[in-house]
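Okay, here's what each chain looks like letter by letter:
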Amino acid sequence: MSEITPLANPRGVKRLCELCQRPARLQCSHCRVTYYCDSDHQGADWVGIHEKVCQLLIPLRTAVPFHTLEVEREHHRAQTLQRQEQLIELSRATAQKKLFEGKHQEAVPAALLSLRCCVEIHGTSALQLVPSYLLLAEACTGLGNLTQAEEYLCRAEWTVLKNTECGRRLRHTLHRSLGLLHAAKGDLEGALEHLASDVYYASEEFGSDHIVTSGGYFHMANVFFRQNKMDIADSLYTEVTAIWHRHLSSLLEAHQRSASAPADPPLEHSLSEAQQAEAQQVLGAILDIREQAPRPDPTQTARAAHSLALLHFLGTNTPKVVEFGRKALRCSQLVPDCGLTEPIERLLQLAESRSA
Amino acid sequence: MSTASLPRINTSFFPKIITAENHSRFHQQRQNGGHGNVESGKQSGKAQPLKGNDKQPRFTKQDIAVYRNSHKHNICVDMLRKGYHKSFSELFALIQKWNASREAAGPGSAIWQQEPLEEQLDKLDQLQHFLTRAEAAQRAGRYEEVYTNQVSLARYFDNSEDKWLSDHFFESSLHTASLIKIDGGKKEAEAHSNMGKVYMEKGQLEKATEHYEAFHHLTLGRAWKDEAGRTHNSWACEGLWRIYTLLADKMLENKEHKQAIKTIIKAFEMAKEAGDKKIEGKAAYRVGLAYQSSGDQQTAMTYLNMYMELSKALGDKDGLGKAYKAIANALESEGKVAESVEYLEKFVEVSQGSDQSRSLEEACMCLGVIFNSRGQYDKGCEYFAKAYEITRNLRDLPLLQKTQVYLGAAKARKMMTAFSSHMETTGLVNTEELLAWKDSRNDMFSDPSTV
């Protein structure tokens, strides 16, 4: 960390804070190309992303060396582009991870960096900017700063509107973010509209019974729950549980089939980190709702608990498997022929054999 | 920090930012601009004419979506927004199924030429209407209503092009009906009968039998009636009779006579139970024919007599004729030619009364053949001549030629005896007679004056 004085900058060079764009007074002493207004921002950026990208920024932010040959200049341009793309990918992944961990504050610097890089490569109205906007919006929503989130989302929506060739996957994520924002703002009808579009695009892309689509169903169910339309919410929760239950069961089955072969593929990779976090959140919430319902439905409770147990089994968290498995077993035994008792018992046995 | 981080991307740097407050206004402008503006011409193609230029029309987000997106998209989003996710996934799955079957059939096939389901707006609207109503009813636990809606859908799609949709909804209505317990299975019975019909049309007789048997079982001893006042049970019996008859036909084709007779007797019993004399008679006739083809003439006779009695009671002359003819056949193969002739003559008599020229012609031919084989050529000739007269009015050339040949042969046989006696005696008179015949080719041998 070294101090700089704005007045001592060379003429025409403005050094601005990496995070807030105010005149900078500090310089990162590792890379010497990143500036901050105070040590708070420097610390926040370091934790957020800078630690990972400090050295990567040097070639991008130093002056272009003088090349005599066209070929060399071309080569340098291509290399820069490649580095920038790497940087975008890395910063987005970091931001996403921080969001999943619930560290919204720490996700902001990474998301900002990715957005800035995107603007440098693609300009200001390209579709490639949308994922960064969505990350920023999610972080802002998480921080409770809804106006800011809305602003980012509006930019994203505008970009998508301008680009008619926008893919369905991007539209689906955009509408989900918009739906969540509206829900957070309390505009439930607007939220439903966006979530409906989200489900539609996700179904077009993945199929209507895919786990990606189930996320849209889950958020819609939450909105209906808040609107006190319990029957709709209930039917949607049932659908979500069924989708996850099916998916997780098939994953376990696939694993068991391949487990007979000596080369045991690691079970943890069957679901991505993001999917695991989502499943945990969704299924946990549904199980809570089921358990607190005025008229408990043991079949649905059992299915939700079983799905959670399966999820923890895939995540190799054996004590949790046993906990949820027992719960599921208790509920399933209340209903004579729900067809769940046997798979749950099998899962519990598997868990015991693993811990032994 | 997070809020403070925004200004780096300031507005001059980006396109104009639309906030939530002026969001709808922005859409309006876009719509407005779509008319004079070439840039947004893509969207303006579907835009409604504006009511007045001085007044800014107010567009909601839904209005814009109607122009911007496909009809399928709008319907899906609309259903989802109201929480009808099952309807959505069903519609979605149906469209996908159609597309998949189209892909599987490949270009050039019949389905390839059809308009895709997602572009037939009225059908999509119908689907949306009934599916959402069914889902709402299902949520409330009113399964009768769910059933009614599904059946309406099935009936709506009951044409050749959308057969598969109709089948699909009949199937789901059967599933729904099995959940309705209050009405004692009436809806379930109806659903089974619908499914039975569907499988019959597809030609899957075994499955149709299953459904019709379930239908019959459910309606046994119940007094449910349809709009026309006919009991469901009788419908079930009639359906089963038809299926069993078809099954028996198939078995006969495969030469499984024993099985066929068993099935056809089942059909007869069903027909009896249906309480419809006409069907009963037909079934009896079929049983008779089956026994006949397996060689058991005695049993065949009892059933055929039954048919005869029933036809007499109903005044069904055509049926009566058929019965007489079959009985005559049976008698003939038993060697009782005299009785057979008796029945055939009855047959002719009955057929003459009705204007069934074809069966009359058949009867005459039969009689002619029998008389011919018994050597009574003049009688044979008489019947053949009758048959010939009838066929002349029928405009059926092959048949006409056939009767001509038969008539000619019979006439020749009739002359044969006289001709040969003339030949044998070889007197002058005889030779003259023969020569005269050769000149005129008229039958003069049977004329007693010349002999």
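Cut-offs and rules
Residues numbered from 1 in each chain as written. Chains lettered and ligands numbered in written order. Predicted model: local features only at pLDDT ≥ 70, side-chain atom pairs only at ≥ 80, totals over all residues. Heavy atoms only, no water. Salt bridge = Lys/Arg side-chain N within 4 Å of Asp/Glu carboxyl O. Buried < 20%, exposed > 50% of the residue type's maximum accessible area, 1.4 Å probe, protein only. Helix = DSSP H or I, 4+ residues; strand = E, 2+ residues; numbered from the N terminus. Core = buried A, V, L, I, M, F, W, Y, C linked by side-chain atoms within 4.5 Å. Contact = heavy atoms within 4.5 Å. Pairing = 2+ DSSP bridges. UniProt positions renumbered as here; feature names shortened; annotations may be inferred. Axes fitted to C-alpha atoms, helices over the stretch in contact; angles between N-to-C directions. Parallel < 35°, antiparallel > 145°, perpendicular 65-115°, else oblique. Left-handed = near helix turned anticlockwise from the far one by under 90°. Nonpolar A, V, L, I, M, F, W, Y, C, P; charged D, E, K, R; others polar. Disulfide = S-S within 2.5 Å. Phe/Tyr/Trp six-rings, centres within 6.5 Å; stacked < 30°, edge-to-face > 60°. Patch = residues over 30% accessible without salt bridge, like charges linked within 9 Å, V, L, I, M, F, W, Y side chains within 5 Å. Areas by Shrake-Rupley, 256 points an atom, 1.4 Å probe, with all protein chains shown as cover. Lys, Arg positive; Asp, Glu negative; His and termini not counted. Charge placed at Lys NZ, Arg CZ, Asp CG, Glu CD.

1. A closer look at the pattern of salt bridges
Residues and elements named next belong to chain A.
Next up, step 1: Counted according to the given criterion, the structure contains 23 salt bridges over all chains.
Next up, step 2: Of the charged contacts in the structure, one is a salt bridge between Arg77 and Glu70, with a shortest N-O distance of 4.0 Å.
Next up, step 3: Given a relative accessible area of 47%, Arg77 falls into the partly exposed group.
Next up, step 4: Among the residues examined, Glu70 registers a relative accessible area of 44% and is labelled partly exposed.
Next up, step 5: Note that Arg246 is salt-bridged to Asp209, the shortest N-O span being 4.0 Å. A residue pair is termed long-range when its members are at least 10 positions apart, and Arg246 in helix 9 (residues 230-259) and Asp209 in the loop between helix 7 (188-206) and helix 8 (211-226) qualify at 37 residues.

2. Some words on the nonpolar core
Next up, step 1: One finds Leu248(A), Phe88(B), Leu91(B) and Phe169(B) to be the most contacted residues of the largest nonpolar core, which totals 150 residues.
Next up, step 2: Sequence-distant contacts of Leu91(B), that is, excluding residues within four places in its chain, are made with Ile75(B), Cys76(B), Met79(B), Leu124(B), Leu127(B) and Leu131(B).

3. What about the sheet that holds strand 3 (residues 35-36) of chain A?
Residue and element names in this part refer to chain A.
Next up, step 1: In space, the three strands of this open sheet follow the order 1-2-3, with antiparallel pairing throughout. Edge strands, defined here as strands with exactly one partner in the open sheet, are strand 1 (2-3) and strand 3.
Next up, step 2: Examined bridge by bridge, strand 2 (residues 26-27) and strand 3 share two bridges and lie antiparallel to one another. In the strand pairing of strand 3, Gln27 is matched with Tyr35.

4. Re the UniProt feature "domain: MYND-type" (unreviewed entry) in chain A
Next up, step 1: Taking the numbering used here, the UniProt-annotated feature "domain: MYND-type" (unreviewed entry) corresponds to residues 17-54 of chain A.
Next up, step 2: For residues 17-54 of chain A, the helix share is 42%, the strand share is 11%, and the end-to-end C-alpha distance is 15 Å.

5. Quick notes on the environment of Val64(A)
Residue and element names in this part refer to chain A.
Next up, step 1: When you line up the elements, Val64 lands in the loop between helix 1 (39-61) and helix 2 (70-100).
Next up, step 2: The exposure class assigned to Val64 is exposed, which follows from its relative accessible area of 61%.
Next up, step 3: For the pair Val64 and Arg77, spaced 13 residues apart in sequence, the C-alpha to C-alpha distance is 9.5 Å.

6. Some details on the packing of helix 10 (residues 186-202) of chain B against helix 11 (residues 205-219) of chain B
Residue and element names in this part refer to chain B.
Next up, step 1: In contact at an axis separation of 8 Å, helix 10 and helix 11 are set at 160° when each is read in the N-to-C sense. When the axis of helix 10 is compared with that of helix 11, the two are roughly antiparallel. Classified by chirality, the crossing of helix 11 by helix 10 is left-handed. Residues Glu188, Ala189, Glu190, His192, Ser193, Met195, Gly196, Lys197, Tyr199 and Met200 of helix 10 form the contact with helix 11, whose participating residues are Leu205, Lys207, Ala208, His211, Tyr212, Ala214, Phe215, Leu218 and Thr219.
Next up, step 2: Here the residues of the contact of helix 10 with helix 11 are counted per class, giving ten nonpolar, five polar and four charged.

7. Digging into the state of the cysteines
Next up, step 1: Taken as a whole, this structure holds zero disulfides over all chains when the rule is applied.
Next up, step 2: Unpaired in terms of disulfides, Cys117(A) finds its nearest cysteine sulfur in Cys118(A), a separation of 7.3 Å.

8. What about the packing of aromatic side chains?
Next up, step 1: Summed over the entire model, instances satisfying the criterion amount to seven aromatic pairs over all chains.
Next up, step 2: Between Phe88(B) and Phe92(B), the ring centres sit 5.4 Å apart and the planes meet at 40°, which makes this aromatic pair tilted. Separated by four residues within a single helix, Phe88(B) and Phe92(B) lie in helix 5 (residues 85-105), roughly one turn from each other. Phe92(B) shares its class with Phe88(B); the two are buried.
Next up, step 3: Look at Tyr156(B) and Phe157(B): their rings are 4.9 Å apart centre to centre, the planes differ by 85°, and that puts the pair in the edge-to-face class.
Next up, step 4: Of the residues examined, Tyr156(B) reaches a relative accessible area of 31% and is grouped as partly exposed.
Next up, step 5: Through pairs of rings, three or more aromatic residues link up here, namely Phe218(A), Phe225(A) and Tyr237(A).

9. Some points on a negative patch on the surface
Next up, step 1: Together, Glu115(B), Glu119(B), Asp122(B) and Asp125(B) give the surface a local cluster of negative charge.
Next up, step 2: Within the secondary structure, Glu119(B) is located in the loop between helix 6 (110-113) and helix 7 (121-140).

10. With respect to the environment of Gly216(A)
All names here are of chain A.
Next up, step 1: Following the sequence through the fold, Gly216 ends up in helix 8.
Next up, step 2: The spacing of Gly216 and Thr173 is 43 residues in sequence and 9.7 Å in space, taken between C-alpha atoms.
Next up, step 3: The contact partners of Gly216, leaving out residues within four places of it in the chain, are Arg176, Asp198 and Val199.

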